[in-house]
Amino acid sequence: MLKQILFAACLLFAGASFGQQALYNPSIDVQHYEFNVRVSDANDSLYGRAVITVRFTEKTNAVHFDLMNINDTARGMTVVSVKENGKTLPFTHRSNVINISLEKNTGVNEIRTFEIVYMGIPADGLIISKNKFGHRTMFGDNWPNRARNWIPCKDHLSDKASVEFIVSAPNHYKVVANGIKVEEKELADHFHLTHWKEDVPLPTKVMVIGVADFAVDYPGEVSGIPVSSWIFPEQKEKGFHDYSQALEILPFYIKNVGPYSYKKLANVQSKTIFGGMENAGAIFYYEGSVTGTRKSEALLAHEIAHQWFGDAATEADWPHIWLSEGFATEMTHLYLESKYGRDTLVKALEADRRTVIAFTKRKKVPVVDTSAGTNIMQLLNTNSYQKGGWVLHMLRNELGDKIFWKAVQEYYAGFRNKNAYTKDLQQVFEKVSGKNLDVFFKQWLYTPENPTLKFTWSYDEATKNLTATVEQLTNTVFVFNLRYAIGKPGGDGITKSVAINQRITTFTTNLDGKLPIDKVANVSLDPFCELLFEGTVLKK
Ligand SMILES: [Zn+2]
């Protein structure tokens, strides 16, 4: 997603577990969710019936799902009944968890299906409000673990399952959701049923429904994937123009990364607490994203990139969120580079680098950050986005375009519709490149610093020798190639490179009379924007 914009105040997070080894609700692996949801205009109550098919990974006499209880403001869910094969099961619903006692113990790998009937006013997760035109709308907004506010589930991104939403709503609304529409029909009392089904397994964070008065446009198909735009009717011309840019963006990722994983892509003007939310096959953008001037191209490119990174290849746990956000950041830069040229990329990278350096001064945490605990929102930070993007940019520099893209493709192919840790990405890049990337991954992703350099130099006109000392001022001694320019890079200057792998590196290089003395007056570091660092240059 793209962070920023409207941060709602009261987000609740029930205890999720963290760290690479801690598995969340490990006794089940959800196979499929069927959510029957009825909403109305009379009030904000939701009536739900969830049919959840799970595979048990161990023998047990109980099963539990996440679902928020009623809170102090009378919002939350009440469970009416739990059944298995039509037979009522005893349950408790406390601390935002439904605990169900089973009549018969499970066997390992046994598949069982439970039906949970529930109702209530969602405190969060399904945002029922008015859009900027004063019309009532309902938008799912599950990230990161807010699905439990309105659908019972195993609310952790490591357990992916196929999902279908069968939504009953007053018939003036249109309903969009993940997957493809398999059924629509009129119901009594001016209600309408819309049934969407996604066969590809999704994490709960990107499951979604949107219920609003929409104008819908179908600007075209990309590789057989129908693309649609869902816009508030008041802005339909502007929105159809803006969102149809998806037709340009999709082919870039399909060509460079791999096949799109879902059967359609809907771009939806919505109410989300984020700037954009990468719900699988049904991306939600904040309502101000529609302007008629296509100013949201980068936002579209970011959320569409997430369909590959985050939705299809999903991080296995929250500390590895850069596998979503860093990829979406870098892929957006690469798309814009392909369209507008190298200068656009460099400008974006320079801005990101300034942001990262400033962030690191405030907060000393590594990109793969296990310290955030239950505050997952805290991980929506510069490290996950801009630094994660920079790490990929540096991998591209280190390995070259051809190997970089091959590794990205292999990573996507290997983890498509699955989950990955950072080490999985490292292994793929090592396999494809034939290089050991331990040092690279350790220093950039598990170290809470970036290189801080002092570059001191002098020039001896008699010998034409430039002598320089590079000192690393951080605790970490980083290993990298430092490119520097003497004179004007790309103009009448020259660029050279020095391998840095110690705290202090001193070297002498002969300029061989290539530059007149007045041009040696200027030495600058990293002329091609290849290194995440900050530095000062001093002439002795
Ligand atoms: Zn994002």
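Everything numeric here is computed off the predicted structure, so don't read it as measured data.

Parameters at a glance
Residues numbered from 1 in each chain as written. Predicted model: local features only at pLDDT ≥ 70, side-chain atom pairs only at ≥ 80, totals over all residues. Heavy atoms only, no water. Buried < 20%, exposed > 50% of the residue type's maximum accessible area, 1.4 Å probe, protein only. Helix = DSSP H or I, 4+ residues; strand = E, 2+ residues; numbered from the N terminus. Pairing = 2+ DSSP bridges. Polar contact = N/O pair within 3.5 Å; in protein donor to acceptor, adjacent residues only side chain to side chain. Contact = heavy atoms within 4.5 Å. Salt bridge = Lys/Arg side-chain N within 4 Å of Asp/Glu carboxyl O. Phe/Tyr/Trp six-rings, centres within 6.5 Å; stacked < 30°, edge-to-face > 60°. Axes fitted to C-alpha atoms, helices over the stretch in contact; angles between N-to-C directions. Parallel < 35°, antiparallel > 145°, perpendicular 65-115°, else oblique. Left-handed = near helix turned anticlockwise from the far one by under 90°. Nonpolar A, V, L, I, M, F, W, Y, C, P; charged D, E, K, R; others polar. 1 Å grid on protein atoms, 1.4 Å probe; cavity = no way out; pocket = protein on both sides within 12 Å on 5 of 7 lines; lining within 4 Å. Points joined across faces, edges and corners; volume = space filled by probe spheres on them.

Student: Outline the pairing of strand β25 (residues 480-486), listing residues and values.
Tutor: Within β25, five of the seven residues are buried, which leaves it mostly tucked inside the rest of the structure. In this sheet, strand β26 (residues 494-500) lies alongside β25 in antiparallel orientation, the contact comprising seven bridges. Paired with isoleucine 486 across the strands is isoleucine 494, a residue of β26. Here β25 pairs with strand β28 (residues 523-525) via three bridges, running antiparallel. When the sheet's bridge partners are listed, alanine 485 is paired in β28 with serine 524.

Student: Any chance you could break down the side chain of asparagine 142 for me, citing the residues and the numbers?
Tutor: For asparagine 142, the location among the structural elements is in the loop between β10 (136-140) and β11 (161-170). Among the residues examined, asparagine 142 registers a relative accessible area of 0% and is labelled buried. A distance of 2.9 Å separates the side chain of asparagine 142 from the backbone oxygen of methionine 207, its partner in a polar contact. If sequence neighbours within four positions are ignored, asparagine 142 has contacts with Gly125, Ala147, Trp150, Ile151, Thr204, Lys205 and Met207.

Student: How would you sum up unusual backbone geometry? Please name residues and give values.
Tutor: Residue proline 144 is bonded to the preceding tryptophan 143 through a cis peptide linkage, with omega at -10 degrees. As for its placement among the helices and strands, proline 144 is situated in the loop between β10 and β11. Phi at asparagine 85 is positive, roughly 50 degrees, even though this residue is not glycine. Tracing the sequence through the fold places asparagine 85 in the loop between β4 (76-84) and β5 (87-88). With relative accessibility at 77%, the residue asparagine 85 sits in the exposed group. The residue arginine 294 is not glycine, and still its phi comes out positive at about 55 degrees. Take arginine 294: it is sitting in the loop between β20 (282-286) and α3 (297-308).

Student: Residues and numbers for the pattern of salt bridges, please.
Tutor: For the structure on display, the rule yields 30 salt bridges. Between glutamate 34 and arginine 49 there is a salt bridge, and its shortest N-O distance comes to 3.9 Å. Of the two residues, glutamate 34 is situated in strand β1 (residues 28-38) and arginine 49 in strand β2 (residues 46-56); the sequence distance between them amounts to 15 residues. On the basis of relative accessible area, arginine 49 is assigned to the partly exposed category, the value being 31%. Residues joined by salt bridges that share partners form a network here, namely Glu84, Lys104, Glu110 and Arg112.

Student: How would you summarise the packing of aromatic side chains if you had to cite specific residues and measurements?
Tutor: Tallied over the full model, the rule gives 35 aromatic pairs. Taking the centre distance of 5.3 Å and the plane angle of 80 degrees together, the rings of tryptophan 143 and tryptophan 318 count as edge-to-face. Taken together, the residues span a long stretch of sequence, with tryptophan 143 in the loop between β10 and β11 and tryptophan 318 in the loop between β21 (313-315) and α4 (322-340) at a distance of 175 residues. With a relative accessible area of 1%, tryptophan 143 lands in the buried category. The structure contains a cluster of three or more aromatic residues connected by ring pairs, namely Phe252, Tyr253, Tyr260, Tyr262, Trp308, Tyr335, Phe404, Trp405 and Phe429.

Student: Explain the packing of α3 against α4 residue by residue, including any values.
Tutor: At a minimum axis separation of 8 Å, α3 and α4 run at an interaxial angle of 130 degrees. Classified by the interaxial angle, the pair formed by α3 and α4 is oblique. Our pair here, α3 against α4, has a crossing hand that is right-handed. Taking contact as the criterion, the partners of Glu297, Ala298, Ala301, His302, Ala305 and His306 in α3 are, on α4, Ser324, Glu325, Ala328, Thr329, Met331, Thr332, Tyr335, Leu336, Lys339 and Tyr340. Looking at the contact of α3 with α4, its residues break down into eight nonpolar, five polar and three charged.

Student: Report on the sheet that holds strand β12 (residues 174-177), specifying residues and quantitative values.
Tutor: Strand order in the open sheet made by the four strands is β9-β10-β15-β12, with antiparallel pairing throughout. With one partner strand each, in any of the chains shown, β9 (126-130) and β12 form the two edges of the open sheet. Taken over all neighbouring pairs, the strand axes of this sheet differ in orientation by 15 degrees on average, direction set aside. Where β12 and strand β15 (residues 209-212) come together, four bridges link them in antiparallel fashion. The partner of valine 175 across the bridge, within β15, is valine 211.

Student: An account of helix α9 (residues 438-445) is requested, with residue identities and associated values reported.
Tutor: Among all positions of α9, only Phe440, Phe441, Gln443, Trp444 and Leu445 are buried. Close packing links the buried residues of α9 with α4, α6 (383-399) and α8 (422-433).

Student: A description of the packing of helix α5 (residues 342-362) against α6 should follow, citing residues and the corresponding values.
Tutor: Across the interface, α5 lies against α6 with an axial gap of 9 Å and an inter-helix angle of 130 degrees. As judged from the angle between their axes, α5 and α6 are oblique. In the packing of α5 onto α6, the handedness of the crossing is left-handed. Across the interface between the two elements, Arg342, Leu345, Leu349, Asp352, Arg353, Thr355, Val356 and Phe359 from α5 touch Asn383, Gln386, Lys387, Trp390, His393 and Arg396 from α6.

Student: Break down the layout of surface pockets for me, with residues and values.
Tutor: Here the largest pocket defines a volume of roughly 460 Å³. Of all the elements in the fold, those that place two or more residues in the lining of the largest pocket are α6, α9, β25 and β26. Across the lining of the largest pocket, the residue classes break down as 11 nonpolar, six polar and four charged.

Student: Tell me what's going on with the pairing of β20, and back it up with residues and numbers.
Tutor: With five of its five residues buried, β20 lies for the most part within the structure. Alternating residues of β20 divide into Ala282, Phe284 and Tyr286 and Ile283 and Tyr285, and every residue in both groups is buried. For strand β18 (residues 265-270) and β20, the ladder comprises five bridges, and the chain directions are parallel. Along β20, the bridge assignment pairs asparagine 267 with isoleucine 283. As paired strands, strand β19 (residues 276-277) and β20 are joined by two bridges and run antiparallel to one another. Within β20, the position partnered with glycine 276 by the bridge is tyrosine 285. From the end of β19 to the start of β20, which pair antiparallel, there are four residues, and glycine 281 there has a positive phi angle of about 70 degrees.

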